[in-house]
Amino acid sequence: MSRDLVELAKRRGYFFQSARAYGGVSGFYTYGPEGATLKQNVEDAWRERFGVREGHREIDAPTVMPEAVFEASGHLDTFDDMLVECPECGESHRADHLIEDATDIEEAESYPIEEVEELIREHDLRCPTCDAELAGEPVEDFNLMFETNIGPGSSSPGYLRPETAQGIFVEFPQLAEYARNQLPFGITQIGKAYRNEISPRNSLIRTREFTQAEVEHFIDPTEDEPPLERVEDVELTLYPADEQGGEDGESGEYVETTVGEAVAEGLVHEWVAYYLGVGKQWYESIGVDMDRFRFRQHLAGELAHYAADCWDAEGEIDGDWYELAGFAYRSDYDLSKHDEYSDDDFTVFKQYDEPKVVERATVDPDMSYLGPEFGGKAGDIADTLETLAERERSAFEGEEVTVEVGGEEYTIPTEKTGFSVEEVKETGEHLMPHVVEPSIGIDRAVYTVLVHSYEVDEVEGETRTRLALEPEVAPTFVGVFPLMDKDGMGELAREITADLRAEGLDVSYDDSGNIGRRYRRQDEVGTPFCVTVDYDSLDDDTVTLRERDSTEQVRVPVEDLPDLLGDLRTGETTFADLEAAAPEQ
């Protein structure tokens, strides 16, 4: 079925491989007129649900960032996939995908490289391109980031961002000021991300350039609680880690529960569970089939380097499950790393209700000793002593203190450090927030909506293909047709088209071919409603309004069309309501 959808998508202007005039390039797609609008509608629906309704604010950060950002975040060292290269044709393949395609193993990426190499030998896996043996070939980590240079020459290396998140984290000190240093607060971003995938596949599911929609919700882990009452009754289908693939390769059982029950039973962290509820509602609202939707917990071996726990939203397509989104608890990993590597402060100041008297260890190094003794290193040694006093008082209990600066150790007499412990009154403390992150792939959401809305049925003895898209996201909302372009019907239809467009509705005008074929074209592209102007319209100022899925029709006054269609798009009115209110004909 996906092949049929891809053909429809190309023919009807949803999406197609980019640069086909030059042979195409794997992993890059262009959205056509229908697809670009569908994608924008999905993004707008995400903004409304995850941004506006949650009270979060949106930013737009650059897609290219300096190397230092990704050194701090850990992406330079850990953002890898497993690559195996064919010894005959030289084609590179993602090793875990080869195993998943040939075996019952679902998440081979969670296995260590040694086990992946053994599985390739055990199952005698061969190159999908030329059928050469891959057994015995080394499996290596391949970093997925696209590298570039910032400015002329190579002195300022940078990378295309592999996730939008770092654009938020690196600007946290400024964003916290905008939030008046009050936790919790959330920042959202929708934008392009780039991953140099080893083997892009499955159309929009795995590409090298894609759009992410992410929330970074900064919380005080000791005090802030999610508003679970908003989603506590939302039903969830969970696939916990301990139910996934035992030694026999058999899958375990799903857990059917609610958000509230999942938190009460300790299945999911309360903040992650909250966003699972929000995510479930959102995916359902845009048209993802809930009978083909689940949340799967990451196995320990597949957790990203930054995640303490993560649940993927997954959709079923042609019998296989695909990741649509990740709902991760990132703890304070990202902010602590940027706090360590950068020159800025990534904490917020938490005011106490009442001042507290506490013991504080301090140092007052004797610079008249450190200067002559250590020269240019004296200042760095003094700073390191201060940090050590805050974290490890016991280091100053002996006669000497040893610190490491720039990879070298330096020993200082304790009496020269000016170490002391004093009682001080504190009005608050610096807190490193934790982060909860719903990260949604917009392209994957678009593709899943298209797959789940693709239907073939029969109308008046003819096979019909239709996209049963939700009115909220359908790229064309209404088609307007004159029965024939003569006797004033065409003029009225074009006037109606202009009026509906002025109301902000996406309208397609079509006067080509018989009316049945025009209906079929709009059904195939997913247009929820069609308006037909006929001879009766010229006499009584009414038109025929047709609903896509049922093909039922009602007569409505021309002057009521903008309001009726607006209500149908927002869900305030249903087509069944119009049928019930229509006079008998």
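The rules behind these values
Residues numbered from 1 in each chain as written. Predicted model: local features only at pLDDT ≥ 70, side-chain atom pairs only at ≥ 80, totals over all residues. Heavy atoms only, no water. Pairing = 2+ DSSP bridges. Helix = DSSP H or I, 4+ residues; strand = E, 2+ residues; numbered from the N terminus. Axes fitted to C-alpha atoms, helices over the stretch in contact; angles between N-to-C directions. Polar contact = N/O pair within 3.5 Å; in protein donor to acceptor, adjacent residues only side chain to side chain. Contact = heavy atoms within 4.5 Å. Buried < 20%, exposed > 50% of the residue type's maximum accessible area, 1.4 Å probe, protein only. Core = buried A, V, L, I, M, F, W, Y, C linked by side-chain atoms within 4.5 Å.

Peer 1: How should the sheet that holds strand 26 (residues 529–533) be read in this particular structure?
Peer 2: Sheet strands associate in pairs through backbone hydrogen bonding, adopting either a parallel or an antiparallel arrangement. Reading across the sheet, the 5 strands line up as 25-24-26-27-28 and stay open at both edges, with mixed pairing between neighbours. Among the strands making up the open sheet, the edge pair consists of strand 25 (507–509) and strand 28 (553–557). Across this sheet, the average inter-strand angle for adjacent strands is 25°, counted without regard to direction. Sheet topology places strand 27 (residues 542–547) next to strand 28; 5 bridges connect them, and they run antiparallel. When the sheet's bridge partners are listed, valine 543 is paired in strand 28 with valine 556.

Peer 1: Would you mind showing me how to read the pairing of strand 19 (residues 408–413) here?
Peer 2: Two faces belong to every sheet, and in a regular strand the side chains alternate between them. Where strand 18 (residues 400–405) and strand 19 come together, 6 bridges link them in antiparallel fashion. By the bridge assignment for strand 19, glutamate 400 is matched with proline 413. The loop that links strand 18 with its antiparallel partner strand 19 comprises 2 residues; one of these, glycine 406, has a positive phi angle of about 60°.

Peer 1: How do you make sense of the side chain of histidine 298 when you look at a structure like this?
Peer 2: For histidine 298, the position within the fold is in the loop between strand 14 (293–297) and strand 15 (309–317). At 2.9 Å, the side chain of histidine 298 and the side chain of aspartate 312 are in polar contact. Each residue touching histidine 298, except ones within four places of it in the same chain, is listed here: Ala241, Leu303, Cys310 and Asp312.

Peer 1: Whenever I open this one, unusual backbone geometry confuses me. Can you help?
Peer 2: The amide bond that connects leucine 183 to the next residue, proline 184, takes the cis arrangement and shows omega of -5°. Position of proline 184 relative to the elements: it lies in the loop between helix 8 (172–178) and strand 10 (185–194). The phi torsion at asparagine 181 lies on the positive side, around 55°, for a residue other than glycine. Topologically, asparagine 181 is positioned in the loop between helix 8 and strand 10. At threonine 551, a position not held by glycine, the phi torsion is positive, near 65°. If you trace the backbone, threonine 551 turns up in the loop between strand 27 and strand 28. Note on threonine 551: relative accessible area 25%, which makes it partly exposed.

Peer 1: What is the right way to read the sheet that holds strand 6 (residues 92–94) from this model?
Peer 2: As summarised here, the arrangement of the 3 strands in space is 6-5-7, forming an open sheet in which the pairing is antiparallel. A strand with exactly one partner marks an edge of an open sheet, and here the two such strands are strand 6 and strand 7 (139–143). Neighbouring strand axes in the sheet, compared pairwise and without regard to direction, differ in orientation by 45° on average. By the bridge criterion, 3 bridges tie strand 5 (residues 80–85) to strand 6 in an arrangement that is antiparallel.

Peer 1: Looking at this structure, I do not really get the nonpolar core. What am I missing?
Peer 2: A general trend in soluble globular proteins is that nonpolar side chains are found buried together. If you look at the biggest cluster of nonpolar residues, it comprises 62 residues, and the most contacted ones within it are Tyr14, Trp282, Tyr283 and Ile286. The biggest single contributor to this core is helix 10 (residues 270–286), with 10 residues. With residues up to four places along the chain from it excluded, the contact list for tryptophan 282 reads Val42, Ala45, Trp46, Arg49, Phe50, Ile440 and Ala445. Listed in part, the 24 residues of the second largest apolar core include Ile496, Leu500, Val531 and Leu565.

Peer 1: Hey, could you run me through the side chain of histidine 338 in this one?
Peer 2: In this fold, histidine 338 is placed in helix 11 (residues 333–341). Each residue touching histidine 338, except ones within four places of it in the same chain, is listed here: Val69, Ala72, Ser73, Gln166, Phe169 and Phe346.

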